[in-house]
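Results of the structural survey
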Amino acid sequence: MAWDFETEPEFQEQLDWTRAFLDEHILPLETIDLEVTDEQWNALTAPLKQQVKDRGLWACHLDPELGGQGFGQVKLGLMHEILGRSSIAPAIFGNNAPDSGNAELLAIGGNDEQKKRWMEPLLAGELRSGFSMTEPDTAGSDPTLLETRAVRDGDTWVINGHKWFTSGGSGADFLIAMVVTNPDVHPYQGSSMIVVPTDTPGLEIVRDVPNMHHPYPGQFARHPMGHSEVIYRDVRVPAENLIGNPGDGFVLAQKRLGPGRIHHAMRWIGQSQRALDMMCERALSRYAHGSLLAEKQMVQDFIAETRIDIASARLLCLHAA
Ligand SMILES: Cc1cc2nc3c(=O)[nH]c(=O)nc-3n(C[C@H](O)[C@H](O)[C@H](O)COP(=O)(O)OP(=O)(O)OC[C@H]3O[C@@H](n4cnc5c(N)ncnc54)[C@H](O)[C@@H]3O)c2cc1C
């Protein structure tokens, strides 16, 4: 039995290709990411996306019958660890958050019409999306407290509420809103998810909440970086925009967040490993007070502790996967 999450040779070959492709073609693009227009960026990345597609690695987070590769969470985790090294890589592989999680959600809970209208364009990279659950006035860690309401009125749902941290909201074509559809039962049975196109009257993207380094100054449409504050004021959408059945919200949320969180965590591990690499390079090149930084015991301790933290988190994530 393998204890180290080593994968089979064919998939390892895909991982090796991904790593080399990232180093050679994607990392250099980071230096001009904020310099070029969306059109120039699309022209630059289109041939790279084609290479990813030719390798069978485009949008591979879904099961094969839904257009993905059916890799499962461990393989996806290993792949996301590599892609996480660069924040621009996931979009070139068609699996950037939050679109990948939303596509998974529609794959699990959507009907044929919803898959055709929303999921397929997401997978093709033609539409952008956001997941609109967290609210400023209730604790995000406890979604049983959610207050945003959707009330059925004839053939429509009318949504009223206040959300924030809707990642990618300001660049999205549609949001998937987690709302209370029946306040008289336990939230596990009374919450639902509804697709809301962002041009629906009454939906207002108020701002992108500053968080870590987001939003970038002079944002481009290609950067799904803002974590948006959104107000729903009598937002009216067709009844058929509800995903699954009324009351399915929590089951769907768990199915979406499980894989989504693993993808996220593995990307952060990739990002941390890149930072560690940079720290090591610096330690080997900087000379101060009679030696390279790498020869100082304190710096060696930083590096060892960091390596231990990353290795532990990585094993925990892969174990969860
Ligand atoms: C970068 C980023 C992107 C995000 N993207 C999205 C998105 O796309 N869509 C979306 O809907 N939401 C998104 N979120 C919101 C995220 O899901 C919430 O921030 C999270 O659920 C925590 O909710 P909260 O911020 O309201 O904190 P609270 O729930 O108010 O938590 C406050 C504090 O209480 C602590 N705490 C909570 N529960 C416990 C407990 N049981 N025991 C002890 N301490 C506890 C927490 O650690 C925290 O310090 C995003 C957040 C960030 C930071």
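Residues numbered from 1 in each chain as written. Predicted model: local features only at pLDDT ≥ 70, side-chain atom pairs only at ≥ 80, totals over all residues. Heavy atoms only, no water.

A separate point is the environment of L105. Residue placement: L105 occurs in helix 5 (residues 99-109). Remark: the alpha-carbon pair of L105 and K255, spanning 150 residues in sequence, is separated by 7.2 Å. If we ignore the near neighbours within four places in the chain, the residues touching L105 are G110, F131, M193, I243, L252 and R256. (Helix = DSSP H or I, 4+ residues; strand = E, 2+ residues; numbered from the N terminus. Contact = heavy atoms within 4.5 Å.)

We now examine the domain arrangement of the protein chain. Partitioning the protein chain into structural domains gives domain 1 (9-123), domain 2 (129-252) and domain 3 (253-320). Here the C-alpha centroids of domain 1 and domain 2 sit 24 Å apart. On the domain 2 side, the residues contacting the 20 residues of domain 1 number 21 residues. Here domain 1 packs against domain 2, burying approximately 1700 Å² in sum over the two surfaces, 60% of which is carbon and sulfur. If you sort the residues of domain 1 by the area they bury against domain 2, D38, L105 and W118 come out on top, with a joint share of 31%. The interface formed by domain 1 and domain 2 holds zero salt bridges in total. At the junction of domain 1 with domain 2, the criterion picks out six residue pairs in polar contact (both at pLDDT 80 or more). (Domains from an automatic or database assignment. Buried area = accessible area lost by both parts, 1.4 Å probe. Salt bridge = Lys/Arg side-chain N within 4 Å of Asp/Glu carboxyl O. Polar contact = N/O pair within 3.5 Å; in protein donor to acceptor, adjacent residues only side chain to side chain.)

What follows deals with unusual backbone geometry. A97 connects to P98 through a cis peptide bond whose omega is 0 degrees. Structurally, P98 is set in the loop between helix 4 (89-92) and helix 5. With a phi close to 50 degrees, D234 is a non-glycine residue in the positive phi region.

Residues of helix 6 (residues 112-123) that are buried include every one of Q114, K115, W118, M119, P121, L122 and L123, and no others. Summarising the contacts, the buried residues of helix 6 are in contact with helix 5, strand 1 (129-132), strand 4 (174-180) and strand 5 (191-197). Of the residues one or two after helix 6, G125 is the one with positive phi, at around 75 degrees. (Buried < 20%, exposed > 50% of the residue type's maximum accessible area, 1.4 Å probe, protein only.)

What follows deals with the pairing of strand 5. Of all seven residues that make up strand 5, seven are buried, and the element is covered over most of its length. Of the two faces of strand 5, the one lined by S191, M193, V195 and P197 and the one lined by S192, I194 and V196 are each fully buried. Examined bridge by bridge, strand 4 and strand 5 share seven bridges and lie antiparallel to one another. Note that in strand 5 the partner of F174 across the bridge is P197. (Pairing = 2+ DSSP bridges.)

Residues F93, L106 and M193 are the most contacted members of the largest nonpolar core, which totals 56 residues. If you tally residues by element for this core, the top one is helix 8 (residues 249-285), at eight residues. When neighbours within four sequence positions are excluded, L106 is seen to be in contact with Q114, K115, W118, M119, L122, F174, I176, V195 and I243. (Core = buried A, V, L, I, M, F, W, Y, C linked by side-chain atoms within 4.5 Å.)

Glancing now at the site of the ligand. Around the ligand lies a shell formed by F131, M133, T134, A139, G140, S141, F165, S167, N211, M212, H227 and R261. Between the ligand and the protein, one listed contact pairs an oxygen atom with a backbone N or O atom of M133 at 2.9 Å. Note that an oxygen atom of the ligand is positioned 2.6 Å from one of the side-chain N or O atoms of S141. Protein contacts shield 45% of the accessible area of the ligand, which totals 990 Å² for the unbound molecule. Along the lines of polarity and charge, the residues of the shell around the ligand split into five nonpolar, six polar and one charged. (Near = heavy atom within 4 Å. Areas by Shrake-Rupley, 256 points an atom, 1.4 Å probe, with all protein chains shown as cover. Nonpolar A, V, L, I, M, F, W, Y, C, P; charged D, E, K, R; others polar.)

Our next topic: the packing of helix 3 (residues 73-83) against helix 8. At a minimum axis separation of 7 Å, helix 3 and helix 8 run at an interaxial angle of 35 degrees. For the pair helix 3 and helix 8, the crossing hand works out as right-handed. Residues Q73, L76, G77, H80 and E81 of helix 3 form the contact with helix 8, whose participating residues are P259, H263, M266, R267, I269, G270 and Q273. Its residues assigned to classes, the contact of helix 3 with helix 8 comprises four nonpolar, six polar and two charged. (Axes fitted to C-alpha atoms, helices over the stretch in contact; angles between N-to-C directions. Left-handed = near helix turned anticlockwise from the far one by under 90°.)

Attention now moves to the side chain of E135. Mapped onto the fold, E135 is located in the loop between strand 1 and strand 2 (149-153). On the basis of relative accessibility, which here comes to 3%, the residue E135 falls in the buried class. A distance of 3.2 Å separates the side chain of E135 from the side chain of T138, its partner in a polar contact. Looking at E135, its side chain comes within polar contact range of the main-chain nitrogen of E147, at 2.9 Å. When near neighbours in sequence (up to four residues on either side) are disregarded, E135 contacts L146, E147, T148, H162, K163 and W164.

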